[in-house]
Amino acid sequence: MKKKEFIVQDLLSKIYQEEFKDGKLPAQRTLAQKYQVSRFTIQQAIKSLEEIGIVRVVQGSGIFVHEKWVKNPLIFNSLTRTPYDRIESKMLTLEKRLASSEECQLFQLEVGEEIWSFSRIRLVNYKIEQLEKSLLPVKLFPKVTKEVVEHSIQRFVEREGYRISHYISNYTPVTLTKAQSEVLMVRRGTPAMQIKNRALLADGRIFEYSEITAIDYSVTYIRPFDRMIHQSRID
């Protein structure tokens, strides 16, 4: 693990253990001495914490913890921790076609209804990191364009008047096929993470199904211990 990532994980642990009095972290110089790294490394670690919303930096005053985030479960990965202005999407394909029987079942469509099918690559800091293939039902979204595909799908969905509820995600380690490696510009057989998402609206309908193949992928979960679930698994 890189020094910066170790410091991020260690500071997260200490923040959730409420080790910092008054919700204020030590000064960067103090942290650099503690972890025996340069102030630049500390600045990068603090920037990562700031980007995921755990701390805020007040010039001249210090580094402060966002209490409301600490009280909730936290999940972030190598893409969602990155500000939107450093993420870019490029469309590869976009088509409208008849939904298969499996897709009709997934989206609760009638036979003969259509879906949008698109693929895109996601770039972080100008580097290709993800290949995504997604489906959207035409009856919910009559018009999907290249501009929509190359920007935030979540923002598009809510601008269309819908309210997003939650995502159901499945993670599976994979190795890249020849076709995937060519798109992602890495060697065939490179380890990657396949992420399958079902995205739900507030009324329970699935509005998107996506399969994402991600390289250089990492994810961190911070969640409270659920004693009731733990006990039910024992009984």
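Residues numbered from 1 in each chain as written. Predicted model: local features only at pLDDT ≥ 70, side-chain atom pairs only at ≥ 80, totals over all residues. Heavy atoms only, no water.

Here we look at the overall build of the protein
Working step 1: Counting secondary structure elements, the protein contains 9 helices and 11 strands.
Working step 2: Pairs at least 24 apart in sequence give 58% of the contacts found in the protein among residues at least 6 apart.
Working step 3: With an accessible surface of roughly 15000 Å², the protein has 49% of that area assigned to carbon and sulfur atoms. (Helix = DSSP H or I, 4+ residues; strand = E, 2+ residues; numbered from the N terminus. Contact = heavy atoms within 4.5 Å. Areas by Shrake-Rupley, 256 points an atom, 1.4 Å probe, with all protein chains shown as cover.)

Re the sheet that holds strand β1 (residues 24–25)
Working step 1: Spatially, 3 strands are ordered β1-β3-β2 in an open sheet, and the strand pairing comes out antiparallel. A single partner strand is all that each edge strand has here, and the edge strands are β1 and β2 (55–58).
Working step 2: Here β2 runs beside strand β3 (residues 62–65); their pairing, made up of 4 bridges, is antiparallel. Bridge assignment links Arg56 to a residue of β3, and that residue is Phe64. (Pairing = 2+ DSSP bridges.)

Quick word on the environment of Ser218
Working step 1: In this structure, Ser218 sits in the loop between β10 (206–214) and β11 (219–222).
Working step 2: For the pair Ser218 and Met193, spaced 25 residues apart in the sequence, the C-alpha separation amounts to 8.9 Å.

Observations concerning the confidence of the model for the protein
Working step 1: With 89% of its residues at a pLDDT of at least 70, the protein reaches an overall mean of 88.
Working step 2: Across the protein, the element-wise mean pLDDT spans from 64 in strand β4 (residues 74–77) up to 97 in helix α6 (residues 146–149). (pLDDT = per-residue confidence, 0-100.)

Points about the environment of Gln130
Working step 1: In this structure, Gln130 sits in strand β7 (residues 127–137).
Working step 2: In this structure the C-alpha to C-alpha distance between Gln130 and Gln180, which are 50 residues apart in sequence, comes to 9.8 Å.

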